[in-house]
Amino acid sequence: MAVTSEATTVWKGTLFEGSGDVALDSSGLASFPVNWKARSEGAEGTTNPEELLAAAHSSCFSMALSLGLAQAGTPAESIQTTAAVTFEAGKGVLGSHLLVSARVPGLTEEQFETLAEDAKKNCPISQALAGIPITIEAELA
């Protein structure tokens, strides 16, 4: 069964002077403010599309790695993934870098790196991001 997820943005004003709010429709969580300054320069307390993309990538990757580890007979005690998505005005999204640390009893560093690479390649968000470089640093905690 396919699941469709939705987010809604209400934007007011021009790109450079305007701002908006993004709501994650299915979760009922509060909305997130967005604006150009946060996107092009970074701004505390305001998000941007790339940060939301990083959230999607880190969570999707963690789920894929969890599955791969369990299928290998070595389920993780914990997985922490940070996705750093880089944006440059005029060029767009330049890449996503995954920084992964996990507690996985009974697994060698080499086995972990192999499973992390597989998760990077096969998680649905990585596949959706096929047009940009995706890099990874993965280590056992």
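Before going into details, it helps to say that this report is about the structure given with it. The shown structure was predicted, so the numbers you read here are calculated from the model rather than taken from an experiment.

Examining a negative patch on the surface
Okay, so step 1: A contiguous patch of negative charge on the surface is contributed by Glu109, Glu110, Glu113, Glu137 and Glu139.
Okay, so step 2: Broken down by element, the residue count for the negative patch peaks at 3 residues, all from helix 3 (residues 109-122).
Okay, so step 3: Secondary-structure assignment places Glu109 in helix 3.
Okay, so step 4: Taking the relative accessible area as the measure of exposure, Glu109 reaches 33% and is therefore partly exposed.

Here we look at the packing of aromatic side chains
Okay, so step 1: All told, the structure shown has 2 aromatic pairs when counted by the stated rule.
Okay, so step 2: Aromatic side chains Phe16 and Trp36 sit 5.4 Å apart centroid to centroid with 90 degrees between the ring planes, which places their arrangement in the edge-to-face category. With a gap of 20 residues between them, Phe16 in the loop between strand 1 (7-12) and strand 2 (19-24) and Trp36 in helix 1 (residues 36-40) connect regions that are remote in the sequence.
Okay, so step 3: Here Trp36 falls in the buried class, since its relative accessible area comes to 16%.
Okay, so step 4: Ring geometry for Trp36 versus Phe87: centroids 6.1 Å apart, planes at 85 degrees, classification edge-to-face. Residue Trp36 is located in helix 1, and its partner Phe87 is located in strand 4 (residues 78-88); the two are separated by 51 residues in the primary sequence. Assigned by exposure class, Trp36 and Phe87 land together as buried.
Okay, so step 5: An aromatic cluster of three or more residues is present, and its members are Phe16, Trp36 and Phe87.

What to know about the packing of helix 2 (residues 49-71) against helix 3
Okay, so step 1: At a closest axis distance of 9 Å, the pairing of helix 2 and helix 3 adopts a crossing angle of 130 degrees. It follows that helix 2 is oblique to helix 3 by the angle criterion. For the pair helix 2 and helix 3, the sense of crossing is right-handed. Together, Phe61, Ala64, Leu65, Gly68 and Leu69 of helix 2 and Phe112, Leu115, Ala116, Ala119 and Lys120 of helix 3 make up the contact between the two elements.
Okay, so step 2: Its residues placed into classes, the contact of helix 2 with helix 3 shows 8 nonpolar, 1 polar and 1 charged.

A look at the layout of surface pockets
Okay, so step 1: Size it by volume and the largest pocket reaches roughly 370 Å³.
Okay, so step 2: Together, 14 residues line the largest pocket, and Ala7, Leu24, Leu52, Ala55 and Ala56 are the ones closest to its centre.
Okay, so step 3: Of all the secondary-structure elements, those providing two or more residues to the lining of the largest pocket are strand 2 and helix 2.
Okay, so step 4: With 5 residues, helix 2 is the single largest residue contributor to the lining of the largest pocket.
Okay, so step 5: Among the residues forming the lining of the largest pocket, the class breakdown is 7 nonpolar, 5 polar and 2 charged.

Scoring rules and cut-offs
- Residues numbered from 1 in each chain as written.
- Predicted model: local features only at pLDDT ≥ 70, side-chain atom pairs only at ≥ 80, totals over all residues.
- Heavy atoms only, no water.
- Patch = residues over 30% accessible without salt bridge, like charges linked within 9 Å, V, L, I, M, F, W, Y side chains within 5 Å.
- Areas by Shrake-Rupley, 256 points an atom, 1.4 Å probe, with all protein chains shown as cover.
- Salt bridge = Lys/Arg side-chain N within 4 Å of Asp/Glu carboxyl O.
- Lys, Arg positive; Asp, Glu negative; His and termini not counted.
- Charge placed at Lys NZ, Arg CZ, Asp CG, Glu CD.
- Helix = DSSP H or I, 4+ residues; strand = E, 2+ residues; numbered from the N terminus.
- Buried < 20%, exposed > 50% of the residue type's maximum accessible area, 1.4 Å probe, protein only.
- Phe/Tyr/Trp six-rings, centres within 6.5 Å; stacked < 30°, edge-to-face > 60°.
- Axes fitted to C-alpha atoms, helices over the stretch in contact; angles between N-to-C directions.
- Parallel < 35°, antiparallel > 145°, perpendicular 65-115°, else oblique.
- Left-handed = near helix turned anticlockwise from the far one by under 90°.
- Contact = heavy atoms within 4.5 Å.
- Nonpolar A, V, L, I, M, F, W, Y, C, P; charged D, E, K, R; others polar.
- 1 Å grid on protein atoms, 1.4 Å probe; cavity = no way out; pocket = protein on both sides within 12 Å on 5 of 7 lines; lining within 4 Å.
- Points joined across faces, edges and corners; volume = space filled by probe spheres on them.

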